[in-house]
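The primary structure of each chain is shown beneath.
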Protein chains: 2
Amino acid sequence: MNRGLLIVLSGPSGVGKGTVCASLRHRMPELVYSVSATTRSPRQGEINGINYFFKSQEQFQDMIANDALLEWAEYVGNYYGTPRDFVDRTLASGKDIILEIEVQGALKVKQKFPEGVFVFLMPPSLDELKSRITGRGTENADVIDHRMTVAVEEMNLLQHYDYAVVNDEIDAACQRIQSIITAEHCRADRLMTELPQMPAASEKA
Amino acid sequence: MNRGLLIVLSGPSGVGKGTVCASLRHRMPELVYSVSATTRSPRQGEINGINYFFKSQEQFQDMIANDALLEWAEYVGNYYGTPRDFVDRTLASGKDIILEIEVQGALKVKQKFPEGVFVFLMPPSLDELKSRITGRGTENADVIDHRMTVAVEEMNLLQHYDYAVVNDEIDAACQRIQSIITAEHCRADRLMTELPQMPAASEKA
């Protein structure tokens with residue numbers, strides 16, 4: 001059986017990662033979604049193993065110590081991370097798995113998992129990104145300026161990615177990502193390690 | 001304007017390159033087909049610049065001498081080759097161009113044009129390839145054995161290609177090739193040389 005692919009979907013804050021990822025999962029129900037581990041408490045209706053793997057502080061520290069996370073970060077007093085085991089088991093079963101993550105986390109995943117397919121979601125333009133960030137709600141001009149500065153810095157991380165997909169329109173962006181997944185399954189270097197079915201030249205006669 | 005892509009479609013004899021290429025051109029009318037140069041005489045209905053660029057022996061020798069061909073070969077007394085100029089002009093106009101060619105020719109093209117997208121069309125199995133070669137007509141067992149030996153040698157050239165596409169079913173194979181073309185247009189390394197629109201980090205503030 002062929003191993004699945006780890007697809008890492010990232011991009012600057014405000015570009016629409018969550019929306020594209022949700023639409024992609026709807027279009028590709030066979031795609032597995034990477035479930036994060038967290039130390040925060042479950043909210044109403046959240047199910048362990050579906051929304052998150054809920055862990056105690058001690059369990060999470062053990063995972064860090066045992067290198068059981070592809071990346072982790074602390075956010076407002078809680079830990080969040082990507083369990084390596086869930087990704088490995090999914091790939092070994094031949095299924096593709098998608099991880100939606102901010103740009104710094106994606107770069108950490110790349111260090112531990114360079115064979116992943118790293119997709120950078122781009123805004124059609126910086127003006128459009130500003131309009132999306134502004135349109136989100138009630139932030140004042142300073143907050144928006146700060147977020148734009150961060151977004152421009154994040155855009156410069158594109159160089160570490162395999163693919164850039166412009167999120168001009170959700171369906172078009174999803175179609176491009178689906179094409180990338182199909183193409184990556186056809187890559188000769190992946191197939192040659194997975195399909196050793198051809199006789200060697202010396203056996204041909 | 002973004003440069004187009006040169007897609008080189010190759011694979012062992014009998015795998016169905018011509019059929020897949022014809023179907024692909026039907027599905028993607030915007031895809032330009034690389035026209036070969038030849039010294040053979042035009043047949044009834046063949047048009048210069050559409051079916052072939054018809055050249056005299058002297059003109060063809062000049063093209064060889066001037067490195068105006070991406071590859072060339074002699075076949076039953078006539079020369080055939082891929083004019084570099086037609087490929088270059090098509091790519092510069094922003095259009096993709098496809099070149100259908102046997103495996104040895106594809107490797108020569110790769111030497112002169114490594115930025116091309118090299119797609120290797122594979123039979124679902126060697127048994128299926130033998131059945132396709134046998135089914136073509138009236139060849140005797142020796143001829144079929146020889147062609148199978150050559151085909152197995154050709155299969156081992158897969159390692160020099162970017163992608164392998166199994167030709168199990170024409171529509172599925174075309175769909176994979178279309179996905180490869182879409183994905184290649186999204187490759188970050190291609191986009192970064194073509195779209196220098198992002199401000200540098202030093203300009204952000």
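Residues numbered from 1 in each chain as written. Chains lettered and ligands numbered in written order. Predicted model: local features only at pLDDT ≥ 70, side-chain atom pairs only at ≥ 80, totals over all residues. Heavy atoms only, no water.

An unreviewed UniProt entry annotates chain A as Guanylate kinase of Paenibacillus cellulosilyticus. Its UniProt record gives chain A the following Sequence similarities (unreviewed entry) comment, quoted word for word: "Belongs to the guanylate kinase family." (UniProt positions renumbered as here; feature names shortened; annotations may be inferred.)

Attention shifts here to the overall build of chain A. In terms of regular secondary structure, chain A is built from eight helices and nine strands. Each principal axis of the C-alpha atoms in chain A carries an extent, and together these give about 75 × 45 × 30 Å. A buried classification covers 44% of the 205 residues belonging to chain A. When the accessible surface of chain A is totalled, it reaches about 10300 Å², and 49% of it is carbon and sulfur. (Helix = DSSP H or I, 4+ residues; strand = E, 2+ residues; numbered from the N terminus. Buried < 20%, exposed > 50% of the residue type's maximum accessible area, 1.4 Å probe, protein only. Areas by Shrake-Rupley, 256 points an atom, 1.4 Å probe, with all protein chains shown as cover.)

All names here are of chain B. Relative to strand E6 (residues 78-83), strand E5 (residues 69-75) runs antiparallel, the two sharing five bridges. If you follow alanine 73 over to E6, its bridge partner there is tyrosine 80. Connecting the antiparallel pair E5 and E6 is a turn made up of two residues, with valine 76 showing a positive phi of about 40°. (Pairing = 2+ DSSP bridges.)

A separate point is the state of the cysteines. Scanning the entire structure with this criterion turns up zero disulfides over all chains. Left unpaired, cysteine 174 of chain B is separated from the closest cysteine sulfur, that of cysteine 21 of chain B, by 8.9 Å. The closest cysteine sulfur to the non-disulfide-bonded cysteine 186 of chain B is located on cysteine 174 of chain A, 12 Å from its own sulfur. (Disulfide = S-S within 2.5 Å.)

Pairing is parallel across the open sheet formed by five strands, whose spatial order is E2-E7-E1-E8-E9 (chain B). In this open sheet, the two strands that pair with only one neighbour each are strand E2 (32-33) and strand E9 (163-166) of chain B.

Moving on to the relation of the copies chain B and chain A. Superposing chain B onto chain A takes a rotation of 180° plus a shift of 0.0 Å along the axis, which leaves an RMSD of 0.0 Å. As the rotation angle and translation indicate, the two copies are arranged about a two-fold axis. Nearest to the rotation axis, the C-alpha of serine 179 of chain B is located 2.1 Å from it, this being the minimum over chain B. The overlap is high: 100% of the interface residues of chain B also sit at the interface in chain A, so the same surface is used on both sides. (Least-squares fit on C-alpha atoms with pLDDT ≥ 70 in both. Contact = heavy atoms within 4.5 Å.)

Moving on: the pairing of E6 of chain B. By the bridge criterion, two bridges tie strand E3 (residues 36-38) of chain B to E6 of chain B in an arrangement that is antiparallel. Each bridged residue has a counterpart across the sheet, and for threonine 38 of chain B the counterpart in E6 of chain B is tyrosine 80 of chain B.

At the junction of the two partners, chain B supplies 30 residues and chain A supplies 30 residues. Carbon and sulfur atoms make up 75% of the surface buried where chain B meets chain A, a total of about 2500 Å² over both sides. Taken together, the connections running from chain B to chain A amount to zero salt bridges. The interface formed by chain B and chain A includes four residue pairs in polar contact (both at pLDDT 80 or more). (Buried area = accessible area lost by both parts, 1.4 Å probe. Salt bridge = Lys/Arg side-chain N within 4 Å of Asp/Glu carboxyl O. Polar contact = N/O pair within 3.5 Å; in protein donor to acceptor, adjacent residues only side chain to side chain.)

Let's shift gears to the packing of aromatic side chains. Under the criterion given, the structure shown has 14 aromatic pairs over all chains. Arranged with centres 5.8 Å apart and planes meeting at 50°, the rings of tyrosine 52 of chain B and phenylalanine 54 of chain B form a pair that is tilted. Judged by relative accessible area, phenylalanine 54 of chain B falls into the buried class, the value being 16%. For the cation-ring pair, arginine 25 of chain A lies above tyrosine 33 of chain A, with the distance from its terminal atom to the ring centre recorded as 4.0 Å. (Phe/Tyr/Trp six-rings, centres within 6.5 Å; stacked < 30°, edge-to-face > 60°. Lys NZ or Arg CZ within 6 Å of the ring centre and 35° of its normal.)

We now examine the domain arrangement of chain A. All names here are of chain A. Assigned domains within chain A: domain 1 (1-31 + 96-195) and domain 2 (35-95). Computed over C-alpha atoms only, the centres of domain 1 and domain 2 are separated by 20 Å. At the interface, 15 residues of domain 1 touch 16 residues of domain 2. Both faces considered, domain 1 and domain 2 share a buried interface measuring about 1300 Å² in area, 64% of it formed by carbon and sulfur atoms. A salt bridge links lysine 112 to aspartate 67, with the shortest nitrogen-to-oxygen separation between them at 2.5 Å. For the pair domain 1 and domain 2, the interface holds four residue pairs in polar contact (both at pLDDT 80 or more). Of all elements in the fold, only strand E7 (97-100) and helix H4 (103-112) reach the threshold of two or more residues within the side of domain 1 that touches domain 2. In terms of residue count, H4 provides more of the side of domain 1 that touches domain 2 than any other element does, four residues in total. Partitioning the side of domain 1 that touches domain 2 into residue classes produces eight nonpolar, three polar and four charged. (Domains from an automatic or database assignment. Nonpolar A, V, L, I, M, F, W, Y, C, P; charged D, E, K, R; others polar.)

This part takes up the environment of leucine 91 of chain B. All names here are of chain B. With respect to the helices and strands, the residue leucine 91 is situated in helix H3 (residues 84-92). In this structure leucine 91 comes out as buried when scored by relative accessible area, which is 1%. When the C-alpha atoms of leucine 91 and alanine 172 are compared, they prove to be 26 Å apart, with 81 residues separating the residues in sequence. In contact with leucine 91, not counting residues within four places along its chain, are Arg3, Gly4, Leu5, Leu6, Ile97 and Phe113.

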